[in-house]
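Take a look at the letters that make up each chain.
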Amino acid sequence: MTRTVAFVGLGRMGGPMAANLVRAGHRVLGYDVVPESVTAAAASGVEPARSAAGAAAEADAVITMLPTGRHVLDLYGAQGLLAAARPGTLFVDCSTIDVADARAAHGAARAAGHRALDAPVSGGVVGAEAGTLTFMAGGGAEEFAEAEPLLSAMGGKVVRCGAAGAGQAAKICNNMILGISMIGVSEAFVLAESLGLDHQALYDVASTASGQCWALTVNCPVPGPVPGSPANRSYAPGFAAPLMAKDLNLAAAALRAGGVDAQLGLKAAELYAAFAEGDGAGLDFSAIVRTIRGSGTATASAASTASTASAEKTTTDGTAP
């Protein structure tokens, strides 16, 4: 069934997501505070709206993709998004925010006579563009059933995780796993470099052994073994380090609040916070390998040798130019 959807937040994730809704046959009214983002989305068939409230006033469902919980709550309240929408409109927030903020957004929507779902995503820009995102939803069963066709148009898997806020809970737990995994994979490659083991050899073993994980086989932190990984594009972000730092900070806050003894999660948050504020500000989160590798002469030499050997083997195997 064709729907009219207001999509607020047309950045690197939201823009492709809105475009996929258009491809699925929906009418999408798009708004973003950055005019260039609106222009880019319009090229994919998204209809530019003059304001977020203006888009919501015409929509059956409103999808938001924003940086923080503060932005979501401000948009819902002070900026008049909830007030502008027709009674009973379904609000789906795909931002990654604090569980408490997600529950507050649910409450505000219900108080205004609407329905709500928190549905953060996993899969990064690549997943947004390909329409293969995983959606983790929190909210009522009826709201989930209504939103599922829209979410499925943008993703490959849609899971209802529970009541309000459960989607956000699943997201921060998932990304804590990812952050810890990427650090572990990066440390393994740096260790391999110090031992004279080339990147491809380690990949060939670990990718089919007990070390196999997404951080290795999809987003490998070193050039060569996975041609599509950001490491082969100078770490241009698919999932930027500051976003990982943000998600791990949310996880760390939840760990402390819940009294959970999760030392690796807290350490990962600490490492990514420092990385995102420094050299990693504009890089993919997999570039954390650079921090782990450091700048020592011996380590740098080993890294160069391993990288060269890996690149030569990759070319010989014919799997990369």
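Keep in mind that this is a model prediction, so the values were computed, not measured.

### Regarding the overall build of the protein
Each helix and strand counted, the protein has 15 helices and nine strands in total. Taken over C-alpha atoms, the radius of gyration comes to 21 Å for the protein, in line with the 20 Å a tight globule of 321 residues would show. The burial tally for the protein puts 49% of its 321 residues in the buried class. Put simply, 65% of the contacts in the protein that link residues at least 6 apart link residues at least 24 apart. Of the accessible surface of the protein, which amounts to about 13800 Å², a share of 57% is contributed by carbon and sulfur atoms. Averaging the coordinates of the 20 positive side-chain charges in the protein and doing the same for the 27 negative ones gives two points 4 Å apart.

### What about the packing of helix α12 (residues 241-258) against helix α13 (residues 263-277)?
One way to put it is that α12 packs onto α13 with a least axis distance of 8 Å and a crossing angle of 145 degrees. Viewed along their axes, α12 and α13 form a crossing whose handedness is left-handed. Contacts from Ala-241, Pro-242, Met-244, Ala-245, Leu-248, Asn-249, Ala-252, Leu-255 and Arg-256 of α12 reach α13 at Gly-265, Leu-266, Ala-268, Ala-269, Tyr-272, Ala-273, Phe-275 and Ala-276. Among the residues making up the contact of α12 with α13, the classes are represented as 14 nonpolar, two polar and one charged.

### Thoughts on the side chain of Ser-37
Its place among the elements puts Ser-37 in helix α2 (residues 35-42). Ser-37 has contacts with Leu-10, Gly-11 and Asp-32, leaving out every residue within four places of it along the chain.

### Let's talk about the packing of aromatic side chains
Under the counting rule described, the total for this entry stands at four aromatic pairs. Measuring from ring centre to ring centre gives 5.6 Å for Phe-239 and Phe-285, while their planes differ by 70 degrees; the resulting arrangement is edge-to-face. Of the two residues, Phe-239 sits in the loop between α11 (214-217) and α12 while Phe-285 sits in the loop between α13 and α14 (288-293), which places them 46 residues apart along the sequence. In terms of burial, Phe-239 and Phe-285 fall into one category: buried. Seen from their ring centres, Tyr-272 and Phe-285 are 6.3 Å apart, and the 40 degrees between their planes marks the pair as tilted. Of the two residues, Tyr-272 is situated in helix α13 and Phe-285 in the loop between α13 and α14; the sequence distance between them amounts to 13 residues. Neither residue differs from the other here; Tyr-272 and Phe-285 are each classed as buried. These aromatic residues form a ring-pair network of at least three members: Phe-239, Tyr-272, Phe-275 and Phe-285.

### Quick notes on the pattern of salt bridges
Per the counting criterion, the structure on display carries eight salt bridges. Across the pair Asp-247 and Lys-171 runs a salt bridge whose closest N-O atoms are separated by 3.9 Å. Placement of the pair is Asp-247 in helix α12 and Lys-171 in helix α9 (residues 166-194), with a sequence separation of 76 residues. Between Glu-193 and Arg-293 there is a salt bridge whose closest N-O contact spans 2.8 Å. With Glu-193 in helix α9 and Arg-293 in helix α14, this residue pair connects regions lying 100 residues apart in the sequence. With a relative accessible area of 2%, Glu-193 lands in the buried category. On the basis of relative accessible area, Arg-293 is assigned to the buried category, the value being 17%. Via salt bridges that share partners, Arg-3, Arg-115 and Glu-146 belong to a single interconnected network.

### What about the side chain of Asn-175?
Structurally, Asn-175 is set in helix α9. Its relative accessible area of 3% is what places Asn-175 among the buried residues. Excluding anything up to four places from it in sequence, Asn-175 contacts Phe-239, Met-244, Asp-247 and Leu-248.

### Some remarks on the environment of Ser-181
Secondary-structure assignment places Ser-181 in helix α9. Its relative accessible area of 22% is what places Ser-181 among the partly exposed residues.

### Quick look at the nonpolar core
Counting residues in hydrophobic clusters, the biggest one holds 40 residues, and the most contacted among them are Phe-189, Leu-216, Met-244, Leu-248, Tyr-272, Phe-275 and Phe-285. Where this core is concerned, the elements lending two or more residues are α9, α10 (199-206), α11, α12, α13 and α14. The element contributing the most residues to this core is α9, with nine residues. Residues within four places of Phe-285 in sequence aside, it is in contact with Leu-178, Met-182, Trp-214, Asn-219, Phe-239, Ala-240, Ala-241, Met-244, Tyr-272 and Phe-275. Leu-90, Ala-119, Phe-135 and Leu-150 belong to the second-largest nonpolar core, a separate cluster that totals 31 residues.

### As for the confidence of the model for the protein
For the protein, mean pLDDT is 92; residues scoring 70 or higher make up 92% of the total. Every residue in residues 295-321 scores below 50 in pLDDT, and together they form 27 contacts with partners more than four places removed in sequence or on other chains.

Procedures and definitions
Residues numbered from 1 in each chain as written. Predicted model: local features only at pLDDT ≥ 70, side-chain atom pairs only at ≥ 80, totals over all residues. Heavy atoms only, no water. Helix = DSSP H or I, 4+ residues; strand = E, 2+ residues; numbered from the N terminus. Rg over C-alpha atoms; globule rule 2.2 N^0.38 Å. Buried < 20%, exposed > 50% of the residue type's maximum accessible area, 1.4 Å probe, protein only. Contact = heavy atoms within 4.5 Å. Areas by Shrake-Rupley, 256 points an atom, 1.4 Å probe, with all protein chains shown as cover. Lys, Arg positive; Asp, Glu negative; His and termini not counted. Charge placed at Lys NZ, Arg CZ, Asp CG, Glu CD. Axes fitted to C-alpha atoms, helices over the stretch in contact; angles between N-to-C directions. Left-handed = near helix turned anticlockwise from the far one by under 90°. Nonpolar A, V, L, I, M, F, W, Y, C, P; charged D, E, K, R; others polar. Phe/Tyr/Trp six-rings, centres within 6.5 Å; stacked < 30°, edge-to-face > 60°. Salt bridge = Lys/Arg side-chain N within 4 Å of Asp/Glu carboxyl O. Core = buried A, V, L, I, M, F, W, Y, C linked by side-chain atoms within 4.5 Å. pLDDT = per-residue confidence, 0-100.

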